[in-house]
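An overview of the molecular structure
Okay, here's what each chain looks like letter by letter:
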Amino acid sequence: MTNKVALVTGASSGIGEDTARRLQQAGFTVYGAARRTEQMKDLASSGVRTLSLDVTDEASAEKAVAEIIGAEGRIDVLVNNAGYGSYGALEDVPLDEARAQLDVNVFGLARMTQLVLPHMRAQRSGTIVNISSMGGRFATPMGAWYHASKYAVEGLSDALRLEVKRFGIDVVVIEPGSIRTGWGLIAADKLRTTSGHGPYAEQAAAMAVSLDQSSQPDARMTSPPSVIGKAVTKAATVRRPRTRYRVGFGAGPLVFLSKILPDRAFDALIKRSTGVPA
């Protein structure tokens, strides 16, 4: 395993940080990338090689991949984890913010994939792991653009899997459930700013509380980031990874229920579980 190289985007905290550590423990040479390298000091001290990367910036993305190829000559695993949640009622969210959400969660992921694919094709092997969400299979209130981005990741990954299998490249989708990270706090802040006043204020307030609670250290009905790091590491190390790993609190049951319940019945379930008034 000492010659295997992994690149993890969004590695400064949460899922990305845990994944970088676990891949390193599994024997990979790991490059953890994020916009804020100062937040990756602990990773660097543990032996993970850190890079500055803004997935929405073409020059930054090209430089990061070129640096790894220059140093290692290969990239065996790409973990597309960089992303955030833009929450707000569809009527309220400025389209510039909607574009920013898609730019990070979809186009940034796609560009990083484009940059590593020529190297994976040349070596006739590789694994691309796209961090989606159970929110790529069903929607919650106030998250239209976030869910649109994750639905897009699901479709993009399915098409990509069909395209690159003949080159020995696997494409894996991870669909986290409710995970205890700072993600929920950021999404809640955006929600309050965008829809905290006006006709959607009551729904926004309830949903913001739900998002806030999911980020608390003692949050119930959540899972730690380690469950995702373990799933990514398994996908990166087994000979034949599954196409999807649904892990973390609620992911399996809720995706299952979204498939079997009528839409309005599932809508009612989601509203009750998030505290959003009907």
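What comes next is a walk through the structure. On a predicted model such as this, the values are computed, not experimentally measured, just so you know. (Residues numbered from 1 in each chain as written. Predicted model: local features only at pLDDT ≥ 70, side-chain atom pairs only at ≥ 80, totals over all residues. Heavy atoms only, no water.)

1. What to know about the overall build of the protein chain
Summing up its helical and strand segments, the protein chain has ten helices and seven strands in all. Relative to the globule expectation of 19 Å for 278 residues, the C-alpha radius of gyration of the protein chain, 18 Å, shows essentially globular dimensions. For the C-alpha atoms alone, the extent of the protein chain along its principal axes is close to 55 × 40 × 35 Å. Among the 278 residues that make up the protein chain, the fraction classed as buried is 48%. Pairs at least 24 residues apart make up 70% of the contacts formed inside the protein chain by residues separated by at least 6 positions. Per element, the accessible surface of the protein chain, about 13000 Å² overall, is 52% carbon and sulfur. (Helix = DSSP H or I, 4+ residues; strand = E, 2+ residues; numbered from the N terminus. Rg over C-alpha atoms; globule rule 2.2 N^0.38 Å. Buried < 20%, exposed > 50% of the residue type's maximum accessible area, 1.4 Å probe, protein only. Contact = heavy atoms within 4.5 Å. Areas by Shrake-Rupley, 256 points an atom, 1.4 Å probe, with all protein chains shown as cover.)

2. Some words on helix H4 (residues 95-123)
Across its 29 residues, H4 extends 41 Å between first and last C-alpha, which sits within 8% of the 42 Å expected from 1.5 Å per residue. The largest bend in H4 comes to about 40 degrees, at Asp103. Within two residues after H4, Arg124 carries a phi angle of roughly 60 degrees, on the positive side. (Expected span 1.5 Å × (residues − 1). Bend = angle between axes of the 7 residues up to and from the residue.)

3. Thoughts on empty space enclosed by the protein
In total, this model carries one cavity of 30 Å³ or more according to the counting rule given. Computed from the structure, the largest cavity encloses a volume of approximately 30 Å³. Taken together, Thr9, Val55, Asn80, Asn81, Ala82, Val104, Gly108 and Leu109 form the lining of the largest cavity. For the lining of the largest cavity, the element with the most residues is H4, which contributes three residues. (1 Å grid on protein atoms, 1.4 Å probe; cavity = no way out; pocket = protein on both sides within 12 Å on 5 of 7 lines; lining within 4 Å. Points joined across faces, edges and corners; volume = space filled by probe spheres on them.)

4. A closer look at the packing of helix H1 (residues 14-25) against helix H8 (residues 226-237)
Remark: H1 packs on H8, axes separated minimally by 8 Å, with the N-to-C direction vectors making an angle of 45 degrees. Overall, the two elements H1 and H8 adopt an arrangement that is oblique. Crossing of H1 against H8: the hand is right-handed. Along the contact surface, H1 presents Ile15, Asp18, Thr19, Arg22 and Leu23, while H8 presents Ser226, Ile228, Gly229, Lys230, Val232, Thr233 and Ala236. Grouping the constituent residues of the contact of H1 with H8 by class yields five nonpolar, four polar and three charged. (Axes fitted to C-alpha atoms, helices over the stretch in contact; angles between N-to-C directions. Parallel < 35°, antiparallel > 145°, perpendicular 65-115°, else oblique. Left-handed = near helix turned anticlockwise from the far one by under 90°. Nonpolar A, V, L, I, M, F, W, Y, C, P; charged D, E, K, R; others polar.)

5. Regarding the layout of surface pockets
Roughly 250 Å³ of volume is contained in the second largest pocket. Taken together, Arg137, Phe138, Ala139, Thr140, Pro141, Tyr151, Gln203, Ser258, Phe266, Asp267, Ile270 and Lys271 make up the full set of residues lining the second largest pocket. For the lining of the second largest pocket, the element with the highest residue contribution is helix H10 (residues 263-274), accounting for four residues.

6. Thoughts on the pairing of strand S5 (residues 126-131)
Most of S5 sits inside the fold, with six of its six residues counted as buried. The alternating pattern of S5 places Gly126, Ile128 and Asn130 on one face and Thr127, Val129 and Ile131 on the opposite face, and all of these are buried. Viewed along the sheet, the connection from strand S4 (residues 77-80) through H4 into S5 turns out right-handed. Sheet analysis places S5 next to strand S6 (residues 169-176), joined by six bridges and oriented parallel. Within S6, the residue paired with Ile131 across the bridge is Ile174. In this fold, S5 hands off to helix H5 (residues 144-164), which returns the chain to S6; that crossover is right-handed. (Right-handed = clockwise from strand over helix to strand, strands pointing away. Pairing = 2+ DSSP bridges.)

7. Topic: the packing of aromatic side chains
For any pair of aromatic rings, the description rests on two quantities: the centre-to-centre distance and the angle between the ring planes. Across all of its chains, the model carries four aromatic pairs by this definition. Ring geometry for Phe138 against Phe266: centres 5.3 Å apart, planes inclined by 80 degrees, an arrangement best described as edge-to-face. Of this pair, Phe138 sits in the loop between S5 and H5 while Phe266 sits in helix H10; the two residues are 128 residues apart in sequence, bridging distant segments of the chain. The two residues Phe138 and Phe266 agree in class, both being buried. Ring pairing ties together the aromatic residues Tyr87, Tyr146 and Trp183, which thus form one cluster. Above the ring of Tyr245, the side-chain terminus of Arg242 is found at 4.5 Å from the ring centroid. (Phe/Tyr/Trp six-rings, centres within 6.5 Å; stacked < 30°, edge-to-face > 60°. Lys NZ or Arg CZ within 6 Å of the ring centre and 35° of its normal.)

8. Quick look at the nonpolar core
One finds Leu7, Leu53, Val65, Ile68, Ile75, Met112 and Met120 to be the most contacted residues of the largest nonpolar core, which totals 26 residues. Of all the secondary-structure elements, those providing two or more residues to this core are strand S1 (5-9), strand S2 (29-34), helix H3 (58-72), H4, H5 and S6. With six residues, the single largest contributor to this core is H4. Sequence-distant contacts of Ile75, that is, excluding residues within four places in its chain, are made with Val5, Val65, Ile68, Ile69, Val116, Met120 and Gln123. Judged by nonpolar contacts, the second largest core, of 25 residues, contains Val30, Leu43, Val48 and Ile179. (Core = buried A, V, L, I, M, F, W, Y, C linked by side-chain atoms within 4.5 Å.)

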